[in-house]
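Architecture at a glance
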Amino acid sequence: MSREIIFDIETIGDIRDLSTMKVTVVSIYQYENDSYRSFEEHELGELWSILERGERIIGYNSAHFDVPILNRYYTGDLTVIPHLDMLKMIKESVGKRFKLNDVAQATLQIEKSADGLIAMEWFKQGKVDLVKEYCEQDVKVTKELYDFGRKNKMLYYPTLTGEIMPFAVNFEPVVVASGEAGQQPTGINLTLPF
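Residues numbered from 1 in each chain as written. Predicted model: local features only at pLDDT ≥ 70, side-chain atom pairs only at ≥ 80, totals over all residues. Heavy atoms only, no water.

Turning our attention to the packing of aromatic side chains. As enumerated under the stated definition, the model contains 9 aromatic pairs in all. The interplanar angle of 85° and the centroid separation of 4.8 Å between the aromatic rings of Y29 and Y31 together place this pair among those described as edge-to-face. Y31 carries the same exposure label as Y29, and that label is buried. When the centroid spacing of 5.7 Å and the interplanar angle of 25° are considered together, the rings of Y146 and F171 count as stacked. Placement of Y146 in helix α6 (residues 128-152) and of F171 in the segment after β7 (164-168) is noted, with a sequence separation of 25 residues between them. Residue class for Y146 comes out buried when judged on its relative accessible area of 1%. Here the aromatic residues Y29, Y31, Y36, Y146 and F171 are joined through ring pairs into a cluster of three or more. If you follow K140 out to its NZ or CZ, it ends over the ring of Y36, 5.1 Å from the centre. Sitting over the face of the ring of Y29, K143 holds its NZ or CZ atom 5.1 Å from the ring centroid. (Phe/Tyr/Trp six-rings, centres within 6.5 Å; stacked < 30°, edge-to-face > 60°. Buried < 20%, exposed > 50% of the residue type's maximum accessible area, 1.4 Å probe, protein only. Helix = DSSP H or I, 4+ residues; strand = E, 2+ residues; numbered from the N terminus. Lys NZ or Arg CZ within 6 Å of the ring centre and 35° of its normal.)

Shown next, in the form of structure tokens:
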């Protein structure tokens, strides 16, 4: 059974300055037990051990946005956990960045339920349950894209003229040979400083 984890975060702050961004909600999907779960900022302590046990964390624009913001809350270093940023992989394949919603529509004919700016407004209004629902739905969209890409070795994007174009992806984990530096023999990512 896979221990991969799909994740997404919602934040509040000035999007032009990531140092001002605070986490409002983190949602995850765990392949290990086929479950979704959301954490508010004050519950992040419960999230760390889940991420540390993961074989790999998977997100969309997560290397640039989610991981650096989450790392400010974490005592260790989340960047040492094996990680797949699907947007980074897409940019390497196509040479362009695409919104999650655009790739999801072109590939699976599904859409996100809202956007991050609306989620910020919901949070300001105290509607945290709506933020959690939205974040979990983003995780579901990301999971469906990941599953499709891993199985079919391709995704699709829309062109400016409305055509749907395929492009190759390889979402397979990088295999570390036995005895190589950085290998975790226990299967647990020990990222906390001791």
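Back to the write-up after that little detour.
Before going further, it helps to examine the environment of C135. Along the chain, C135 turns up in helix α6. Between the C-alpha atom of C135 and that of A114, which follows or precedes it by 21 residues, the distance is 9.3 Å. Every residue in contact with C135, bar those within four places of it in the chain, is listed here: D8, I9, E10, V25, V26 and S27. (Contact = heavy atoms within 4.5 Å.)

Taken as a whole, the protein chain shows an average pLDDT of 88; of its residues, 90% reach a score of 70 or greater. In the predicted structure, residues 181-187 sits below a pLDDT of 50 and forms 7 contacts with residues beyond four places in sequence or in another chain. (pLDDT = per-residue confidence, 0-100.)

Here the focus is the packing of helix α4 (residues 100-108) against α6. Where α4 contacts α6, the axes come no closer than 10 Å and their chain directions differ by 50°. One element, α4, and the other, α6, form an angle in the oblique class. Of the two elements, α4 crosses α6, and the hand of that crossing is left-handed. Taking contact as the criterion, the partners of L100, V103, A104, T107 and L108 in α4 are, on α6, D138, V141, T142, E144, L145 and F148. (Axes fitted to C-alpha atoms, helices over the stretch in contact; angles between N-to-C directions. Parallel < 35°, antiparallel > 145°, perpendicular 65-115°, else oblique. Left-handed = near helix turned anticlockwise from the far one by under 90°.)

Moving on to helix α2 (residues 62-71). α2 sits mainly inside the fold: 7 of its 10 residues count as buried. Every buried residue of α2 is listed here: S62, F65, D66, V67, I69, L70 and N71. In this structure, the buried side of α2 is in contact with β1 (5-12), β2 (22-30), α1 (44-53), β4 (57-59) and β5 (83-85).

What follows concerns the pattern of salt bridges. Throughout the structure, instances matching the rule amount to 11 salt bridges. The residue R16 makes a salt bridge to D14 at a minimum N-O spacing of 3.0 Å. The partner of R53 in a salt bridge is E32, with the nearest N and O atoms 3.0 Å apart. Here E32 lies in the loop between β2 and β3 (35-40) and R53 lies in helix α1, a separation of 21 residues in the sequence. Overall, the relative accessible area of 37% leaves R53 in the partly exposed class. (Salt bridge = Lys/Arg side-chain N within 4 Å of Asp/Glu carboxyl O.)

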